[in-house]
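Overview (structure and organization)
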Amino acid sequence: MQPADGHPLALRLRALRESRWPDLRVTQFHLAEAFGGEKPLSLSLISSWESTRSAALPPVHRLNQYSIFFATRRSVSGARARLLTEGELTPAERVERDVLYEELSRLRYPEDGSEPAVVRRPLAAPGDEIGGGPFHFVDQKPVTIVCSRLPAELRAELPYTDPRDPDYIRSFSYADNDALIELYGHVRAVNPTIAVNIRTADVLEEDDYTTHLVLLGGTDWNPVTADIQRRSNMPVLPGTRTSEDLYGGHFTVVDGADKGRIFAPILDETTPGERPILVEDVAHFFRGQNPYNRARTLTLCDGMFARGTYAAVRTLTDVRFRDRNERFLWDRFNGFEQFSVLARAVITPKGEVVTPDWTVEENRLHVWPLMDDEV
């Protein structure tokens, strides 16, 4: 899509570069250098985003780079221009980054049909809305969320998992409960009139396979995920953790230029004799066609550990990040029937999961398929 002459986004991007810091001269090469890292972007690409005659629309991850760059003068304080990392930004710079991002995002996505029209409903907090996104199913056909059932030996260690117990709670036998609760509520919120069923892999019925399928977790305890991975063109596959190596799992790239590359969680194993502490998991989101019914979708949210699966779900349900992550998917993958994002899932010292922001390049470990300027 080519915007009209004098597109407001192009004017704003040029104004940021020419007058954000009147006492500093920021050139297009500075931006190309900072945005491209070791391999600077072409100056013609930067120029096209600023052109008032035939401006191209920069993808959403470039808007994030603009907002980081112009949030702090430190972007151009060294020998070469660069983008600071999230950890390097001060609290005040993060606030400025967010303000700039929201401004540029509104200019990039005005209410002019740039994105699919959806019904958005107000939430309790002022200004918060929900609606649309990858978990909105346009055809309004049934959805089946498939999770794993914990093995019998693990269920035996938990209360209320025995059906003979008067206080039996069926969901206590599910794996990835945090991810399941988060996902089910969101899918129902954006599809209030359709059937959303929860199934464990061992009780799937014949008709469940041909609905929109959403798989939670990997292949360790979920044979359905293993079968679908064999039938689908997934560029990244998880390795199965074994009883001999509970913490040795990883994701492997099986397609494209990075074929054979491995991405593994980070664990702190410095305390002898104690269980390792998860510092960073790997969160995988995949969308494609349901191999059992090409008219329906397949979605996989997976991690090497449960918090990685939870992080994969939260990328598109967390009110603070879902809109920008949805825009990243729309901007980058619109027109593709299949796509995949592998991201860092940082764990806080208290054990909480930080929702991945896909628009931050350092958070994305592997993205498929690649854009033309990345091949």
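Before reading on, note that the structure itself is shown above.
So, here is what we can say about the structure in this document. (Residues numbered from 1 in each chain as written. Predicted model: local features only at pLDDT ≥ 70, side-chain atom pairs only at ≥ 80, totals over all residues. Heavy atoms only, no water.)

Our focus in this paragraph is the sheet that holds strand β8 (residues 262–263). Taken in spatial order, the three strands line up as β6-β7-β8 in an open sheet, and their pairing is antiparallel. Lying at the two open borders of the sheet, with one neighbouring strand each, are β6 (236–238) and β8. The sheet contact formed by β6 and strand β7 (residues 251–253) spans three bridges and is antiparallel. In the sheet register, P238 faces β7, and the bridge partner there is F251. (Pairing = 2+ DSSP bridges. Helix = DSSP H or I, 4+ residues; strand = E, 2+ residues; numbered from the N terminus.)

Within this structure, the stated rule accounts for 24 salt bridges. Ionic pairing is found between E18 and R17, a salt bridge with its closest N-O pair at 3.7 Å. Among the residues examined, R17 registers a relative accessible area of 12% and is labelled buried. Notably, a salt bridge pairs D139 with R296, separated by 3.6 Å at the nearest N-O pair. Remark: R296 occurs in strand β11 (residues 293–303) and D139 occurs in the loop between β2 (129–130) and β3 (143–147); sequence separation between them is 157 residues. (Salt bridge = Lys/Arg side-chain N within 4 Å of Asp/Glu carboxyl O. Buried < 20%, exposed > 50% of the residue type's maximum accessible area, 1.4 Å probe, protein only.)

We now examine the nonpolar core. Ranked by internal contacts, the top residues of the largest apolar core, which has 69 residues, are F35, Y66, F69, F70, F135, L216 and L329. Grouped together as the second largest cluster of nonpolar side chains are 12 residues, L204, V224, F286 and L300 included. (Core = buried A, V, L, I, M, F, W, Y, C linked by side-chain atoms within 4.5 Å.)

Tracing the sequence through the fold places P265 in the loop between β8 and β9 (266–268). With relative accessibility at 12%, the residue P265 sits in the buried group. Separated by 81 residues in the primary sequence, P265 and V346 have C-alpha atoms spaced 9.6 Å apart. Each residue touching P265, except ones within four places of it in the same chain, is listed here: G249, L278, E280, D281, V282, M304 and F305. (Contact = heavy atoms within 4.5 Å.)

Another point: unusual backbone geometry. Across the junction of W368 and P369, the peptide omega takes the value -5°, indicating a cis bond. Looking at the secondary structure, you find P369 in the segment after β13 (364–368). Positive phi values are uncommon outside glycine, yet D176 reaches one of about 55°. Summarising the element assignment, D176 is placed in the loop between α6 (152–155) and α7 (177–190).

The next subject is helix α5 (residues 91–108). Taking 1.5 Å per residue, 18 residues should reach 26 Å; α5 reaches 26 Å between its end C-alpha atoms and fits that length. Contact partners of the buried residues in α5: α1 (8–19), α4 (60–69) and α10 (322–333). (Expected span 1.5 Å × (residues − 1).)

Nonpolar side chains collect at one region of the surface, where Y160, I169 and F172 lie side by side and expose about 230 Å² of accessible area between them. Within the secondary structure, F172 sits in the loop between α6 and α7. (Patch = residues over 30% accessible without salt bridge, like charges linked within 9 Å, V, L, I, M, F, W, Y side chains within 5 Å. Areas by Shrake-Rupley, 256 points an atom, 1.4 Å probe, with all protein chains shown as cover.)

For α7, spanning 14 residues, the distance from its first C-alpha to its last is 20 Å, which sits close to the expected 20 Å at 1.5 Å a residue. Those residues of α7 that are buried lie in contact with β2, β3, β4 (196–200), β5 (212–216), α9 (306–314) and α10.

For the rest of this paragraph, the subject is the packing of α4 against α10. Interaxial distance between α4 and α10 falls to 8 Å at its minimum, and their mutual angle equals 130°. On the basis of the axis angle, α4 is oblique to α10. For the pair α4 and α10, the contacting residues are V60, H61 and N64 in the first and R324, R327, F328, D331 and R332 in the second. (Axes fitted to C-alpha atoms, helices over the stretch in contact; angles between N-to-C directions. Parallel < 35°, antiparallel > 145°, perpendicular 65-115°, else oblique.)

With that out of the way, let us pick up the side chain of D176. What makes D176 buried here is its relative accessible area of 13%. Ignoring anything within four residues of it in the chain, the contact list for D176 reads L216, G217, A306 and T309.

A few words now on the side chain of E326. Note that E326 resides in helix α10. Excluding residues within four positions of it along the chain, E326 makes contact with G132, G133, P134 and L316.

This brings us to the pairing of β13. Summarising burial for β13: five of the five residues are buried, a large majority. Pairing between strand β12 (residues 339–346) and β13: four bridges, direction antiparallel. Note that in β13 the partner of A343 across the bridge is R364.

To continue, consider the packing of α1 against α5. Helix-helix packing is described using two parameters, namely the angle between the two axes and the distance between the axes. Contact pair α1 / α5: the axes reach a minimum separation of 8 Å and the direction vectors enclose 150°. It follows that α1 is roughly antiparallel to α5 by the angle criterion. Viewed along their axes, α1 and α5 form a crossing whose handedness is left-handed. Here P8, L9, R12, L13 and L16 of α1 lie close against α5, whose contacting residues are L100, E103, L104, L107 and R108. Of the residues belonging to the contact of α1 with α5, the class tally is seven nonpolar, no polar and three charged. (Left-handed = near helix turned anticlockwise from the far one by under 90°. Nonpolar A, V, L, I, M, F, W, Y, C, P; charged D, E, K, R; others polar.)

In this section: the environment of L89. When you line up the elements, L89 lands in the loop between α4 and α5. Along the backbone, L89 and I68 are 21 residues apart, and their C-alpha atoms lie at a distance of 8.7 Å. Aside from chain neighbours lying at most four places away, what touches L89 is T72, R74, L84, R94 and R97.

One pass over the structure, following the stated rule, counts 15 aromatic pairs. An angle of 55° between the planes, with centres 6.3 Å apart, marks the rings of F328 and W358 as tilted. Taken together, the residues span a long stretch of sequence, with F328 in helix α10 and W358 in the loop between β12 and β13 at a distance of 30 residues. Accessibility expressed as a relative area gives 1% for W358, which makes it buried. Following the ring pairs from residue to residue traces out a cluster consisting of W21, F35, W49, Y66, F69 and F70. (Phe/Tyr/Trp six-rings, centres within 6.5 Å; stacked < 30°, edge-to-face > 60°.)

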